[in-house]
Structure formats: C-alpha cells, structure tokens
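Observations on the model geometry
This is what each chain is made of:
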Amino acid sequence: MLSVDEARQLVLDRAQPLPAVATPLADAQGRVLAEPIVSDIDSPPHDKSIVDGYAVISADIIASGIELTVLEEVTAGAVPRRAVEPGTATRIMTGAPLPTGADAVVMVEQTHAAADHVRILQSAVKAGQNIVRRATSLAQGQSVLQLGKLLRAIEIGLLAEVGRSTVATIPRPRVAVLTTGNELVAPPVLPGPGQIRNSNGPMLSASVRSSDAEAADLGIARDDPTDLRRAISAGLTHDVLVVSGGVSAGILDLVPTILQELGVEQVFHKVNLKPGKPIWFGVRRGDSDRSTLVFGLPGNPVSALVCFELFVRPAIQKLRGLPPSGLRRISGNLARDHQQRGERPTYWPAALSENAVTPLPWKGSGDLRTLADANCLAFFAAGDRLFRTGEQIEALLFADSAY
Ligand code: AMP
Ligand code: MG
C-alpha cells in the first residue's frame with residue numbers, strides 16, 4: 001500500500017497552477033500574482049516634508065532664535081511657487097513638496113511665528129532633517145512584486161500605489177463537493193430508521209473555502225449508478241471533485257466504478273494511514289488543457305477530514321500557485337502517555353497548548369464530536385508502542401485553529 005508521502009506526491013504531480021486571468025484589484029486579495037510588477041512612478045514623487053513646519057536652508061540656522069521671512073504656505077497637494085533663499089522660509093505641511101533651495105524642515109513645535117516672520121528655536125538644523133527624498137521607497141521601473149506572491153491587503157495597497165487596477169492572478173480553484181449514501185438525510189431532517197445526517201457535505205465545503213477555493217455543494221447522490229452518474233458528471237466540470245463515501249469494499253460502494261466509467265483515470269486506491277485508508281484518487285483529462293482532479297474520500301467524517309487535509313488541501317494550494325505545504329507541521333511534547341496500536345501510521349485528534357500535545361479520547365472515525373476539541377492531528381508511526389509523556393512528537397495544526 002502507498003504511504004501518505006508517496007500518495008501525496010502522485011497527487012501533486014498531477015496538480016498544476018491554473019491559467020492566469022486578468023483580475024480587478026478588488027477581487028485580487030487571497031490570490032497569487034501571475035505577472036511581475038514594476039513601478040510606473042517614483043514614490044514619493046518629490047522630495048517631501050514628513051512634518052508640519054518650516055522649510056529652511058540649514059546653513060541659515062547658526063544659533064537659537066534666528067528669524068526668517070516666511071515666503072508662502074504649501075499644503076499637501078499644492079506645489080511651491082517660490083524658491084527659499086538665505087534668510088527666508090516656507091510654511092510647509094506633511095506630504096507637501098519641498099521648495100527649491102530648502103534642504104531641511106523645522107517642526108512647527110520648534111518655531112515661533114509672528115506676522116510674516118518665523119523664529120527658529122533650534123540652535124542647529126541638519127541638512128535633510130524631516131525630509132524624505134524623491135523615490136526613496138520606489139523608483140520608476142523598479143520591480144516591486146514578484147510573480148508567485150500571495151496578495152494580501154498590503155500588496156493590494158502597493159499595486160494601487162503603482163497604478164494597477166487590474167492584475168494577472170491565478171483564479172480560485174472551483175471545487176465540487178458531492179456526498180453519497182442511501183442513508184443520508186439533509187441536516188434539517190430528523191433521521192429515520194437506518195438514516196444519518198449528512199455532516200460531510202457542509203464540512204467539506206467549509207474545508208474548501210478555508211483553502212481559499214470556491215466550493216460548489218452538489219448535495220447528496222444515492223448509491224445508485226444512474227444517480228451517481230448524473231451527479232459525478234456535474235462534478236467533472238470543476239477543477240476538483242471531492243466525493244464523500246462509497247469508496248470502500250461494500251456492495252454499494254460504486255463510486256470508483258462510476259468514476260472510471262466516466263473517464264476518470266485511477267491513480268491510486270487505498271493509502272496506508274488511519275483514519276482514511278480507503279481514499280481513491282484519479283484524474284479526468286478534459287478537452288484542451290482542462291482536467292479535473294477527483295478525490296474519493298471515505299464517508300466517515302473524521303476520515304474524510306483527515307484525507308482532505310493530507311491530500312486535497314495541498315492539491316488546492318498547488319492549483320492556486322502556492323507551495324503545497326498543507327497544514328503547518330509543528331512538534332511538541334506529549335502531555336500524557338499514548339498507546340499506539342496497529343500497522344497504520346495514525347493521525348490522532350489532539351489539543352496543542354504551549355508546546356504540549358494532549359491526544360484526545362477519540363472514539364474512532366465516526367467521532368466528529370471529539371474532533372471539535374482538537375486543534376491538531378498528532379502523528380504516531382505504525383507499530384505497537386507506548387509513547388511516553390514528555391516524548392517529542394509531530395502534529396499537523398489545523399489551518400483555522402486559534403493556536
Ligand atoms: P462509506 O465510506 O460510504 O462506506 O461510509 C462510511 C461511514 O461513513 C458509514 O457509517 C456512513 O454512514 C458514514 N457516512 C457516509 N457519508 C457520510 C456523510 N456525508 N456524513 C456523515 N457520515 C457519512
Ligand atoms: Mg456509503
């Protein structure tokens with residue numbers, strides 16, 4: 001059976017960044033930049049004052065109390081009309097262009113104004129004081145953002161500064177979520193005999209959104225070839241199709257057969273892990289370059305979630321143009337003894353706090369309730385072994401946990 005790392009590599013080999021599209025700046029946040037960005041301007045565009053005060057010639061200030069004639073006032077957005085000459089000064093506001101001749105600004109708090117004169121209370125002024133020179137932060141033609149950069153609010157601001165109202169970005173992957181099972185009812189329904197509520201649909205759609213992809217919830221398909229064919233065909237028009245349930249060895253586990261019938265080529269079925277062993281993965285090559293990555297996740301909710309984190313999230317990251325790092329890997333010390341059993345490496349719901357990892361009293365792959373107390377999945381290698389309190393172990397931190 002494949003290991004998690006081998007299986008993930010097979011997935012990532014088949015996940016390529018989506019083609020770039022022109023994106024209005026207002027929609028670009030959270031996407032990856034698909035073109036290098038160069039500044040079209042100098043910033044600041046002129047030598048500017050960074051305080052409210054008086055633009056002076058520093059050599060004029062040879063002692064405290066020097067009086068200068070005030071030539072004019074320049075506010076931000078205005079331009080000086082007169083050059084500062086020996087014995088003169090210009091009243092200047094933060095952000096306004098420095099007048100020709102001046103080489104420093106004295107803060108208004110260190111002056112005393114009287115009629116058309118100003119007295120400078122400082123005894124000396126350094127050239128360059130309170131001035132930011134033209135092009136200090138950006139020069140025209142300078143590269144400001146590299147291809148591949150994830151656009152946050154900061155980068156959106158910078159793009160606006162260099163005049164970009166549209167940029168090339170990699171779009172959010174469109175991910176369809178389909179749940180399967182004759183036993184499933186929608187959440188508002190009180191389950192009848194033999195029925196359970198569909199918790200995976202809402203959970204997996206939320207997981208997709210937390211991966212910054214677009215989720216399309218295709219609802220519930222019955223364990224029936226016709227219904228599965230209809231629902232899976234709809235799912236195959238997306239970049240990714242995540243199917244929940246129907247991939248194990250039961251007589252109604254029809255998903256792999258129907259997927260292959262619809263042209264999805266199987267890459268693997270079953271991975272050596274717990275929970276999540278029955279996972280299925282394949283690719284459907286569409287017309288032109290388009291293809292759909294298809295994940296068949298086991299129906300048990302914890303298995304589905306673990307498989308999503310180990311395989312689907314990294315694939316979505318790669319489609320988005322990001323490094324496919326998946327959940328953040330941390331190490332911590334076990335807060336209590338933990339008995340590991342069995343031949344499969346195990347991802348165990350756990351609570352991480354200040355470097356201490358507490359494995360939770362988890363009741364198995366149907367127990368979503370205990371997972372709600374977890375902020376990470378503790379990793380225990382295969383084999384029967386007692387892991388001791390204090391031992392260092394690895395864990396995967398949930399992306400949306402508050403830790
Ligand atoms: P399956 O993978 O279809 O064999 O399902 C494995 C287990 O997960 C069964 O106990 C199912 O009832 C349960 N299950 C399947 N789909 C869902 C779902 N959407 N929400 C909650 N439990 C599910
Ligand atoms: Mg089923």
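In short, a report on the structure.

Rules of the game
Residues numbered from 1 in each chain as written. Chains lettered and ligands numbered in written order. Predicted model: local features only at pLDDT ≥ 70, side-chain atom pairs only at ≥ 80, totals over all residues. Heavy atoms only, no water. Pairing = 2+ DSSP bridges. Helix = DSSP H or I, 4+ residues; strand = E, 2+ residues; numbered from the N terminus. Axes fitted to C-alpha atoms, helices over the stretch in contact; angles between N-to-C directions. 1 Å grid on protein atoms, 1.4 Å probe; cavity = no way out; pocket = protein on both sides within 12 Å on 5 of 7 lines; lining within 4 Å. Points joined across faces, edges and corners; volume = space filled by probe spheres on them. Nonpolar A, V, L, I, M, F, W, Y, C, P; charged D, E, K, R; others polar.

**Some points on the sheet that holds strand 24 (residues 346-353)**
One closed barrel holds the five strands; their spatial order is 22-25-24-26-28, and the pairing between them is mixed. Geometrically, the sheet is characterised by an average inter-axis angle of 55 degrees between neighbouring strands, direction not taken into account. Relative to strand 28 (residues 392-397), strand 26 (residues 376-380) is paired through three bridges, and the arrangement is antiparallel. Each residue of the ladder has a partner; that of C376, found in strand 28, is L397.

**A closer look at unusual backbone geometry**
A cis amide bond links S43 with the next residue in sequence, P44, at an omega value of -5 degrees. Take P44: it is sitting in the loop between strand 3 (37-38) and strand 4 (48-49). A cis amide bond, omega -5 degrees, links K274 with the succeeding residue P275. The phi dihedral of D212 falls on the positive side, at around 60 degrees, and the residue is not glycine.

**What about the sheet that holds strand 8 (residues 104-107)?**
A sheet is described by the order of its strands in space; here six strands give the open sequence 8-5-7-6-10-9, paired in mixed fashion. Each edge of the open sheet carries a strand with a single partner, namely strand 8 and strand 9 (111-114). Direction aside, neighbouring strands of the sheet carry axes that sit 35 degrees apart on average. Note: strand 5 (residues 53-56) against strand 7 (residues 88-92), three bridges, orientation antiparallel.

**What to know about the layout of surface pockets**
Considered as a void within the structure, the largest pocket measures approximately 460 Å³ in volume. If you list the elements that add at least two residues to the lining of the largest pocket, you get strand 14 (174-180), strand 16 (196-197) and helix 6 (301-319). In terms of residue class, the lining of the largest pocket is made up of eight nonpolar, 15 polar and seven charged. Of the voids in this model, the second largest pocket is the one considered here, and its volume is about 380 Å³. Surrounding the second largest pocket, 17 residues form its lining, L18, P19, D289, R290 and S291 being those nearest its centre. Its residues assigned to classes, the lining of the second largest pocket shows seven nonpolar, two polar and eight charged.

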